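Observations on the model geometry
As a plain string of letters, each chain reads:
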Amino acid sequence: MPACASCHGDSGGGNAEGGFPRLSGLAEDYLAHELDSFADGSRDHEIMGPIAQGLAPEERRALAVFYAGLRAPPPDGTPQPDDTAYDRGRMLAQTGEWTKALPACAQCHGPAGQGVGAAFPPLAGQPAAYLAAQLSAWKAGTRHNDPLGLMKGIADRLSDDDATAVAAYYAALPVTAIGGGR
Amino acid sequence: MNLMTRFTGRSAARLALATAMGGLAVLTPLGSVGAETTAPPFVPQPDSAISDDDFGQVIRLGERIFRDTGAEARAFVGNDLRCTNCHLDRGRLGHSAPLWAAYLVYPAYRAKNRHVNTFAERLQGCFRYSMNGKAPPLGDPVLVALETYAAFLAHGAPVGMKLPGQGYPKLAKPKGLDLAHGREVYAAKCALCHGGDGAGQASPDGTIVFPPLWGARSYNWGAGMSSVVNAAGFIKANMPLSQGNSLTDAEAWDVAAYIDSRERPQDPRFTGDLAATRKAHHDSPYDFYGQAVDGVTLGEGAPPAGTVPH
């Protein structure tokens, strides 16, 4: 099995170019839930599926504990999205579009995208490609591990352009607000 | 400059257009009963219509107070709520007691205090009860800004008419309220966000993201939401967040009864006599104040009312 660090970075800081998410500082229960989901297929992924299936449940929990306690430095050079997409992304993130029954992302993921509790992961500073891929995965039904089906409902109401715009907005937010940046 | 020159005819044009597009605008004059409403939903003006001058500044201030009440009107707020927690999308969303519809139906006679209330006086009540705070004095910049924001949203709507989407939906009365069922619904569909203890959840920087539903930091026993009728309507239309109208009526009634049968800050009108206060202000089968639930007489050990400033 390849080392987690080969994709997720030495201290779990992720890798924007490869679209590998940051793991450091995410909530333990969230990380464990995701590894379990990769293992049981409710989050279907060709790379992470076999990796998670190769781990015993206790190993998955131990890795969750490990990464939840890590502190990776913030990525160098946050991406700068172009203005129009940024405005649209910020609007969806901070205000929502209630005529489409879309609350603001911030209402579940926190005002600066730093996450809330164990069920609502941080979005700030995650690679744009990774965030956009998750929104497509919910739409396509390959990720269906979300509590109450909340993210499926949200993703279905986003157009592809909106998903790209809001992913770019969050990718550009500083991670310092979350445990991961300190 | 007066209101007429300040506001353009935008919304009126939109209403007319919507009517021309097939929706027959049948509005309900105040006081009439049972008239069907088939009008297309009223659409308040976008933020971009706010003018870039001193008047626009006050509209913007009102919007900020509505959204970030504890920070912008600190002296009058005694809990962790914001106006927009119960009037979603910053007072714009129909069926969550939107400001644009509310603005049209005042002055109005209210049984709650047995006299004609102006819109400003209605707003005072929100601070005293829903925000467990203190009413800003009439003419206070906080009330002026909120009223100006409401007028901005209501621009172009027919004054004196009860528009579709006003207030919270009124659900058909249930056969009874089942608290055990309400507790199950709560655990399955609400606790994820509002917490098992109803205290809500904050993000790491301390901002309240999921508002408290009961306990010392929520609305008090005098608030509209402490009546199961209002809570059931709000919850049915709007909760769980992003999944409005997914609960059955029975689920909405029972979970509303569950949250409104937990302890919360005292009714500011409490006279020291629980039974008398219940009789005067809570005499309804949809109101648990003064009733014994799970071994607790609600209102007896209530946290204090009007805890300001924050």
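Criteria and cut-off values
Residues numbered from 1 in each chain as written. Chains lettered and ligands numbered in written order. Predicted model: local features only at pLDDT ≥ 70, side-chain atom pairs only at ≥ 80, totals over all residues. Heavy atoms only, no water. Domains from an automatic or database assignment. Contact = heavy atoms within 4.5 Å. Buried area = accessible area lost by both parts, 1.4 Å probe. Salt bridge = Lys/Arg side-chain N within 4 Å of Asp/Glu carboxyl O. Polar contact = N/O pair within 3.5 Å; in protein donor to acceptor, adjacent residues only side chain to side chain. Nonpolar A, V, L, I, M, F, W, Y, C, P; charged D, E, K, R; others polar. Helix = DSSP H or I, 4+ residues; strand = E, 2+ residues; numbered from the N terminus. Expected span 1.5 Å × (residues − 1). Buried < 20%, exposed > 50% of the residue type's maximum accessible area, 1.4 Å probe, protein only. UniProt positions renumbered as here; feature names shortened; annotations may be inferred. pLDDT = per-residue confidence, 0-100.

As a further point, take the domain arrangement of chain A. Residue and element names in this part refer to chain A. Per the domain assignment, the segments of chain A are domain 1 (2-68) and domain 2 (84-172). Computed from C-alpha coordinates alone, the two centres of domain 1 and domain 2 are separated by 20 Å. Each side of the interface is counted separately: domain 1 has 17 residues, and domain 2 has 14 residues. The largest contributions to the domain 1 side of the interface with domain 2 come from Arg22, Tyr30 and Arg43, which together make up 38% of the buried area. There are one salt bridge connecting domain 1 and domain 2. Residue Glu34 pairs with Arg143 through a salt bridge whose shortest N-O separation is 3.0 Å. Scanning the region where domain 1 abuts domain 2 turns up 11 residue pairs in polar contact (both at pLDDT 80 or more). Among the residues making up the side of domain 1 that touches domain 2, the classes are represented as six nonpolar, six polar and five charged.

Quick look at the interface of chain B and chain A now. Residue-level contacts link 19 residues of chain B with 22 residues of chain A. Counting the surface chain B buries against chain A, the share from its top three residues, Leu192(B), Leu241(B) and Ser242(B), is 33%. Summed over the shared surface of chain B and chain A, the number is zero salt bridges. Summed over the shared surface of chain B and chain A, the number is three residue pairs in polar contact (both at pLDDT 80 or more).

For an α-helix the count is 3.6 residues per turn, leaving residues at separations of three or four pointing the same way. Residue and element names in this part refer to chain B. In this model helix α7 (residues 119-130) runs 16 Å from its N-terminal to its C-terminal C-alpha over 12 residues, within 8% of the 16 Å that 1.5 Å per residue would give. Along α7, the residues classified as buried are Phe119, Ala120, Leu123, Gln124, Gly125, Phe127 and Tyr129. Packing partners of the buried residues in α7 comprise α4 (69-72), α6 (99-104), β3 (115-117) and α8 (141-154). Where α7 terminates, the next one or two residues include Asn132, which has phi positive at roughly 40°.

Okay, the UniProt feature "domain: Cytochrome c" (unreviewed entry) in chain A next. Residue and element names in this part refer to chain A. According to UniProt, the feature "domain: Cytochrome c" (unreviewed entry) maps to residues 1-71 and 91-174 in the numbering used here. Between the C-alpha atoms that bound residues 1-71 there is a distance of 24 Å. The span itself is 52% helix and 0% strand. Annotated as residues 91-174, this span is 48% helix and 0% strand, and its ends, taken at the C-alpha atoms, are 18 Å apart.

Within the secondary structure, Ala145(B) is located in helix α8. Residues Ala145(B) and Tyr219(B) lie 74 residues apart in sequence; the distance between their C-alpha atoms is 22 Å.

Let's shift gears to the UniProt feature "binding site: heme c 1" (unreviewed entry) in chain A. Residue and element names in this part refer to chain A. The UniProt record marks Cys4, Cys7, His8 and Met48 with the feature "binding site: heme c 1" (unreviewed entry), using the residue numbering of this structure. These annotated residues cover 45 residues of sequence, and their C-alpha atoms lie no more than 11.6 Å from one another, placing them together at a single site. Its relative accessible area of 10% is what places His8 among the buried residues. Those residues in contact with His8 that lie beyond four places of it in its chain are Gly13, Gly14, Phe20, Pro21, Leu23 and Met48. Residue Met48 is classed as buried on the basis of its relative accessible area of 16%. The residues touching Met48, leaving out its near neighbours within four places in the chain, are His8, Leu35 and Phe38.

Residues and elements named next belong to chain B. Domains assigned within chain B are domain 1 (43-167) and domain 2 (168-309). The straight-line distance from the C-alpha centre of domain 1 to that of domain 2 is 22 Å. Counting residues at the interface gives 27 residues for domain 1 and 29 residues for domain 2. Buried area between domain 1 and domain 2, both sides added, is near 2100 Å², and the carbon and sulfur share of it is 54%.

Moving on to the pattern of salt bridges. Residues and elements named next belong to chain B. Scanning all chains against the criterion turns up 25 salt bridges over all chains. Asp47 is paired through a salt bridge with Arg90; the nearest N and O atoms lie 2.9 Å apart. On the criterion of sequence distance, the pair formed by Asp47 in the loop between β1 (28-29) and α3 (54-67) and Arg90 in helix α5 (residues 88-91) is long-range, its members being 43 residues apart. Residue Asp47 is classed as partly exposed on the basis of its relative accessible area of 32%. Measuring nitrogen to oxygen at the nearest pair gives 2.9 Å for the salt bridge that ties Glu63 to Arg67.

Here His194(B) shows up in helix α10 (residues 191-194). Residue His194(B) is classed as buried on the basis of its relative accessible area of 10%.

It is worth spelling out the confidence of the model for chain B at this point. Residues and elements named next belong to chain B. A residue-level look at chain B finds 87% of positions with pLDDT of 70 or above and a mean pLDDT of 89. Contacts from residues 1-36, a stretch scored under 50 in pLDDT, to residues over four places away or in other chains number 53 contacts. Here the prediction assigns the complex a pTM of 0.93, and the interface score ipTM is 0.94.

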